[in-house]
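Reading the structure
Here are the chains, one letter per residue:
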Amino acid sequence: MDSFDRQLIHALHLDGRAPFSRIAAVLGVSDQTVARRYRRLRQTGVLHVRGRLDTRRLGHVEWVIRLQCAPGSSAAIAAALAKRDDTHWVRLASGGTDVVCNVRTESEHERDALLLDRLAATRPVTAISAHCVLRTYFGGPTGWRPTASALTDDQAAQLTPPALAPSLPHSAPVTLDDGDRILAAELAYDGRASHAQLARATGWNETTVRRRITALRSAGTLYFDLDVDTRLLGYTGTALLWISIEPSQLAAAGHALAQHPEISFAAATTGPTNLLGSVVASDVYALYDYVAGQVGSLPGIRAMETAPILRTVKRVGAITPATP
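Because the structure is predicted, anything quoted here is derived from the model rather than measured. (Residues numbered from 1 in each chain as written. Predicted model: local features only at pLDDT ≥ 70, side-chain atom pairs only at ≥ 80, totals over all residues. Heavy atoms only, no water.)

What about the overall build of the protein?
Put simply, the rule is: The numbering of helices and of strands both runs from the N terminus, where a helix is a DSSP run of H or I of at least 4 residues and a strand a run of E of at least 2. For a compact globule the rule gives 2.2 Å times the number of residues to the power 0.38, and the radius of gyration it is set against comes from C-alpha atoms. To sort residues, take the accessible area from a 1.4 Å probe on protein chains only and compare it with the maximum for the residue type: under 20% means buried, over 50% means exposed, and anything in between is partly exposed. For this analysis, residues touch if any pair of their heavy atoms sits within 4.5 Å. The Shrake-Rupley method, run with a 1.4 Å probe sphere, supplies the accessible areas, and residue values consider only the shown protein chains as cover. The sign given to each residue is positive for Lys and Arg and negative for Asp and Glu; His and the chain ends receive no count. In this description, the location of a charge corresponds to atom NZ of lysine, CZ of arginine, CG of aspartate or CD of glutamate.
A tally of helices and strands in the protein yields 12 helices and 11 strands. By the compact-globule yardstick of 20 Å for 324 residues, the protein fits well, its C-alpha radius of gyration being 20 Å. The principal-axis extent of the C-alpha atoms belonging to the protein is close to 50 × 45 × 40 Å. Residues counted as buried form 48% of the 324 residues belonging to the protein. At a minimum sequence separation of 6, the contacts of the protein that also span at least 24 residues come to 77%. Counting only carbon and sulfur atoms, one obtains 53% of the accessible surface of the protein, whose full area is about 15,300 Å². A gap of 3 Å separates the mean positions of the 34 positive and 30 negative side-chain charges of the protein.

Structure below.
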């Protein structure tokens, strides 16, 4: 990636649906240059903009599920999980026998069907641990910081959308109708789909599409996430951290972890460990420095397991091509 690629990624990090004309004006290039570069990044699988729904605003429950698989079976299980609509990301970790995925369930029935029936009946799965996400300290709408490091402060200010006044109190769960679900599915596939495309899919007119996107964003229900191949940004040291923290220090440790620039996701969870972090470092040596330094100094830390990510099968709701 060159400097213009990184500026474009930063601009889309600030507003995934920012018009190319606005980005072009800030970067001092033509609209066609921005559109052409975005198409190239998208077509080569480097970058996608994805519309995402905030689980908490919908009253849904998020789980991180860790599967230990028989040797030779993990790739097939990961591929099957990646095809599910309710998985957000799927990764192969540790020595290649661990599959870790993020699942969002709308009801207890969905949760039980997945955990007690479908996964439990999968013969190559030798062990399952399910971690309910109790509090997300970083991730989702906040995004990963290194995607936001190429613009000047003035450029970033020009591209940051104005804050939307909440259309609903955050204590009230948002209910989606059938049209909203179709809209969300289309934006999950392509967060920059045109209003005309979205109108055809939902059966609404373009004015209704614009108004509904604005309402969902204002309610904090819809946000736009970047699906970026971090390897092409120069980050190859990725891992999951399963951390055990003294209960009285959990909130302090979670908030401290969320401030680390290496962290792309941090959450308090149930299970044998109570703090989960997803780390993106430049390489394994930087990963060591980070774990030994910043993570080791978290308040109340008792133990930690580092699980290197060998392959990301699905990220930000999108299946990624297998890599050698």
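Now that the structure has been shown, the text picks up again.
A closer look at the nonpolar core
Nonpolar side chains in soluble globular proteins generally cluster together in the buried interior. Quick note on the threshold: Nonpolar core, defined: a set of buried Ala, Val, Leu, Ile, Met, Phe, Trp, Tyr and Cys residues in which side-chain atoms within 4.5 Å join the residues together.
Core analysis: the largest hydrophobic core is formed by 35 residues, its most contacted members being Leu-12, Ile-23 and Leu-47. The set of elements that each furnish at least two residues to this core consists of helix H1 (3–14), helix H2 (20–27), helix H3 (31–43), strand E1 (47–53), helix H8 (178–189), helix H9 (195–202), helix H10 (206–218) and strand E6 (222–228). The element best represented in this core is H1, accounting for five residues. Leaving out residues up to four positions away in the same chain, Ile-23 has contacts with Leu-8, Ala-11, Leu-12, Ala-18, Val-34 and Leu-159. In this structure, Leu-241, Ala-253, Ala-266 and Leu-275 belong to the second largest nonpolar core, which totals 21 residues.

Looking at the pattern of salt bridges
Short version of the rule: Salt bridge criterion: a side-chain nitrogen from Lys or Arg within 4 Å of a carboxyl oxygen from Asp or Glu.
Enumeration according to the criterion identifies 14 salt bridges in this entry. Residue Arg-66 pairs with Glu-305 through a salt bridge whose shortest N-O separation is 2.7 Å. Taken together, the residues Arg-66 in strand E2 (residues 61–69) and Glu-305 in strand E10 (residues 301–315) connect sequence positions 239 residues apart. A salt bridge links Arg-210 to Glu-206, with the shortest nitrogen-to-oxygen separation between them at 3.8 Å. Placement of both Arg-210 and Glu-206 in helix H10 is noted, with a separation of four residues, approximately one turn of the helix. Three or more residues are tied together by salt bridges with common partners; here these are Asp-2, Asp-5, Arg-37 and Arg-40.

Some words on H3
Selection rule: Here the expected span of a helix is defined as 1.5 Å times the quantity of residues minus one. Taken from the helix axis, the directions to the C-beta atoms give the arc we talk about.
Over its 13 residues, H3 runs 18 Å from end to end, which matches the ideal 18 Å to within 8%, given 1.5 Å per residue. Regarding H3, the residues found buried are Val-34, Ala-35, Tyr-38 and Leu-41. Down the axis of H3, the sector holding all buried residues measures 130°, keeping them to one side. Opposite the buried face of H3, by more than 90 degrees, sit the exposed residues Gln-32 and Gln-43. Just past H3, the residue Gly-45 takes up positive phi, approximately 80°.

Quick word on the environment of Val-90
Within the secondary structure, Val-90 is located in strand E3 (residues 87–93). Taking the C-alpha atoms as reference, Val-90 lies 22 Å from Leu-257; in sequence the two are 167 residues apart. Apart from the residues lying within four places of it in its own chain, the contact partners of Val-90 are Ala-78, Leu-81, Ala-82, Val-99, Val-100, Cys-101, Arg-311, Thr-312, Val-313 and Lys-314.

Side note on the confidence of the model for the protein
Quick note on the threshold: For every residue, the predictor reports its confidence as pLDDT, a number between 0 and 100.
The predicted model of the protein averages 88 in pLDDT, with 93% of residues at 70 or higher. With pLDDT under 50 throughout, residues 319–324 is counted as low confidence; its partners more than four residues away or in other chains account for 11 contacts.

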